Amino acid sequence: MKKRIGLLYGGKSAEHEVSLSTATAVSKAIDYAKYEVHPIYITLDGQWLRGPELTQAVESTEQLQLKPNQILPNNITEFVLDKTSQTQFDVVFPLLHGTNGEDGTVQGLLEVLNLPYVGNGVLASSAGMDKVVMKQLFGVAGLQQVPYVYFLRKEWDQNQDELIAKCEQELSWPMFVKPANLGSSVGISKASNVEELIKAIQFAFQYDRKVIIEKGLNAREIEMGVLGNDRPNVSVAGEIKPMTEFYDYDSKYKDGSTALIIPAEIPTDVESTMKEMAIKAFKILDCAGLVRSDFFVTENNEVYINEVNTMPGFTPVSMYPLLWQHTGVSYPQLIDTLIELAIERHTEKQ
Ligand code: ADP
Ligand code: MG
Ligand code: MG
């Protein structure tokens, strides 16, 4: 019997578009001899829409984006209440990035519905999405990371001067200012002086009520894929070489100027350190399924963990699948493995 896969994509997130290309790629690569794919599109304003069944790979994002007249409206209340729709899936694949999808919210819904789903659970997803919580846990695991300062919008409104002084005291220029909960570099800027810092903080507050400010490193960016549940495997390392000032949204998705070098040219001992750190990060956040661990490696080969991404970019030309391809796991095999891991995790919980 074919497994019925609910493909959740889109999402109420600044990374909505990224999810559309991921879903298109997965629907093209998935083995239709093994799986029946049921697309569920979440609009930018959070409506859940069911599309017709996909019986073959889609040719374009548009096709997957489901035109309004093709849509069988099935909002979230119906999705939750409709027993047939819940039991209709063997596994849900939440191909959602950023808030309301990669952050544990949708994972919580799927838990309540008792549906197996691909990837990280509620705790890992939400802890991985909040850069402050993630860094605090990395600290507990003893992982080396850059110094950081964080605060809430209300604190900023009341003590601007004090908080700027704190950043200058605890960090050094340049600084990176980020919304605490987001991804794809949305809302992130680099600041080289107080004036830029204030602007960057105000910009980041447009996306979140909490911001994090880090000491900026001049370092290589090297990433590793982790795949598995309780005994995860780590892929080879890959280096990102953005042509822009830093790895911003456009260099990630738009201008195609970023070079991915796989495997990264790094000494073996540095690679082993990174592998160890990737596993520690995976374990301290209680991850499952997949994670991409991102590191900074300085000129003298010091390794700092930057972040983990609990639903990393997942098109065949994204870093995570490419890392696995170079490790010997093809894109369709990766999809199969993730689906198997989802079922394994669900069964173990019962
Ligand atoms: P996101 O979750 O949005 O990818 P990141 O923390 O990875 O956020 O930051 C995005 C990019 O900004 C990084 O890939 C890197 O290019 C740059 N960056 C972030 N923090 C720093 C830092 N502390 N030092 C140097 N570059 C940084
Ligand atoms: Mg991220
Ligand atoms: Mg990143």
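Right above here is the structure, for reference.
Attention in this report is confined to the structure presented alongside it. (Residues numbered from 1 in each chain as written. Chains lettered and ligands numbered in written order. Predicted model: local features only at pLDDT ≥ 70, side-chain atom pairs only at ≥ 80, totals over all residues. Heavy atoms only, no water.)

Quick word on the overall build of the chain
- Of regular secondary structure, the chain possesses 13 helices and 14 strands.
- Taking all 350 residues of the chain together, 55% fall into the buried category.
- If you take every contact in the chain between residues at least 6 apart in sequence, the share linking residues at least 24 apart comes to 68%.
- With an accessible surface of roughly 15,500 Å², the chain has 49% of that area assigned to carbon and sulfur atoms. (Helix = DSSP H or I, 4+ residues; strand = E, 2+ residues; numbered from the N terminus. Buried < 20%, exposed > 50% of the residue type's maximum accessible area, 1.4 Å probe, protein only. Contact = heavy atoms within 4.5 Å. Areas by Shrake-Rupley, 256 points an atom, 1.4 Å probe, with all protein chains shown as cover.)

Examining the packing of helix α6 (residues 122-129) against helix α7 (residues 131-140)
- Where α6 contacts α7, the axes come no closer than 5 Å and their chain directions differ by 105 degrees. Considering their axes alone, α6 and α7 lie roughly perpendicular with respect to each other. Residues Ala127, Gly128 and Met129 of α6 form the contact with α7, whose own contacting residues are Lys131, Val133, Met134 and Leu137.
- For the contact of α6 with α7, the per-class residue count stands at five nonpolar, one polar and one charged. (Axes fitted to C-alpha atoms, helices over the stretch in contact; angles between N-to-C directions. Parallel < 35°, antiparallel > 145°, perpendicular 65-115°, else oblique. Nonpolar A, V, L, I, M, F, W, Y, C, P; charged D, E, K, R; others polar.)

With respect to unusual backbone geometry
- The linkage connecting Trp173 with the following residue, Pro174, adopts the cis geometry, with an omega of -5 degrees.
- Turning to its location among the elements, Pro174 is positioned in the loop between α8 (153-170) and β7 (175-179).
- Cis geometry marks the peptide bond from Ile262 to Pro263; its omega dihedral reads -5 degrees.
- Summarising the element assignment, Pro263 is placed in the loop between β12 (259-261) and α11 (268-284).
- Backbone geometry places Asn100, a non-glycine residue, at a positive phi of 55 degrees.
- With respect to the secondary-structure elements, Asn100 resides in the loop between β5 (91-94) and α5 (105-112).
- Classification of Asn100 as partly exposed rests on a relative accessible area of 31%.
- Of note in the backbone geometry, Asn114 takes a positive phi value of approximately 60 degrees without being a glycine.
- Residue position: Asn114 is located in the loop between α5 and α6.

Brief notes about the pairing of strand β13 (residues 289-297)
- Burial within β13 is extensive, with nine of its nine residues counted as buried.
- Here nine bridges tie strand β10 (residues 220-228) to β13, and the two strands are oriented antiparallel to one another. Among the inter-strand pairings, Leu227 is bridged to a residue of β13, identified as Leu290.
- With six bridges connecting them, β13 and strand β14 (residues 303-309) associate as antiparallel partners. Counterpart to Phe296 in the pairing with β14 is Tyr304.
- Between β13 and the antiparallel strand that follows it, β14, lie five residues; Asn301 among them carries a positive phi value of about 60 degrees. (Pairing = 2+ DSSP bridges.)

Looking at the sheet that holds β7
- Across the sheet, which stays open at both edges, the four strands sit in the order β6-β9-β7-β8 with antiparallel pairing between neighbours. With partners counted over all chains shown, the strands left at the sheet margins are β6 (148-152) and β8 (189-191), one partner each. Across the sheet, the mean angle separating the axes of adjacent strands is 25 degrees when strand polarity is ignored.
- The pairing of β7 with strand β9 (residues 210-215) spans five bridges and is classified as antiparallel. In the sheet register, Met175 faces β9, and the bridge partner there is Lys215.
- Across the face of the sheet, α8 comes into contact with β6, β7 and β9 while running at roughly 170 degrees to β6.

Details of α8
- Its 18 residues give α8 an end-to-end C-alpha distance of only 20 Å, which falls more than 12% under 26 Å, the value for a rise of 1.5 Å per residue.
- Its axis deflected by about 105 degrees at Asn159, α8 carries its strongest bend there.
- Lining the buried residues of α8 we find β6, β7, α9 (194-204) and β9. (Expected span 1.5 Å × (residues − 1). Bend = angle between axes of the 7 residues up to and from the residue.)

Overview of empty space enclosed by the protein
- Counted under the stated rule, the structure contains one cavity of 30 Å³ or more.
- Forming the boundary of the largest cavity are Pro94, Leu96, Gly101, Glu102, Gln107, Val118, Gly119, Asn120, Ser125, Thr310 and Met311.
- Among the residues making up the lining of the largest cavity, the classes are represented as four nonpolar, six polar and one charged. (1 Å grid on protein atoms, 1.4 Å probe; cavity = no way out; pocket = protein on both sides within 12 Å on 5 of 7 lines; lining within 4 Å. Points joined across faces, edges and corners; volume = space filled by probe spheres on them.)

Section: the packing of aromatic side chains
- Summed over all chains, the structure comprises nine aromatic pairs.
- Geometrically, the ring pair formed by Phe151 and Phe205 is tilted, given 6.3 Å between the ring centres and 50 degrees between the ring planes. Of this pair, Phe151 sits in strand β6 while Phe205 sits in the loop between α9 and β9; the two residues are 54 residues apart in sequence, bridging distant segments of the chain. Considered together, Phe151 and Phe205 belong to a single accessibility category, that of buried residues. (Phe/Tyr/Trp six-rings, centres within 6.5 Å; stacked < 30°, edge-to-face > 60°.)

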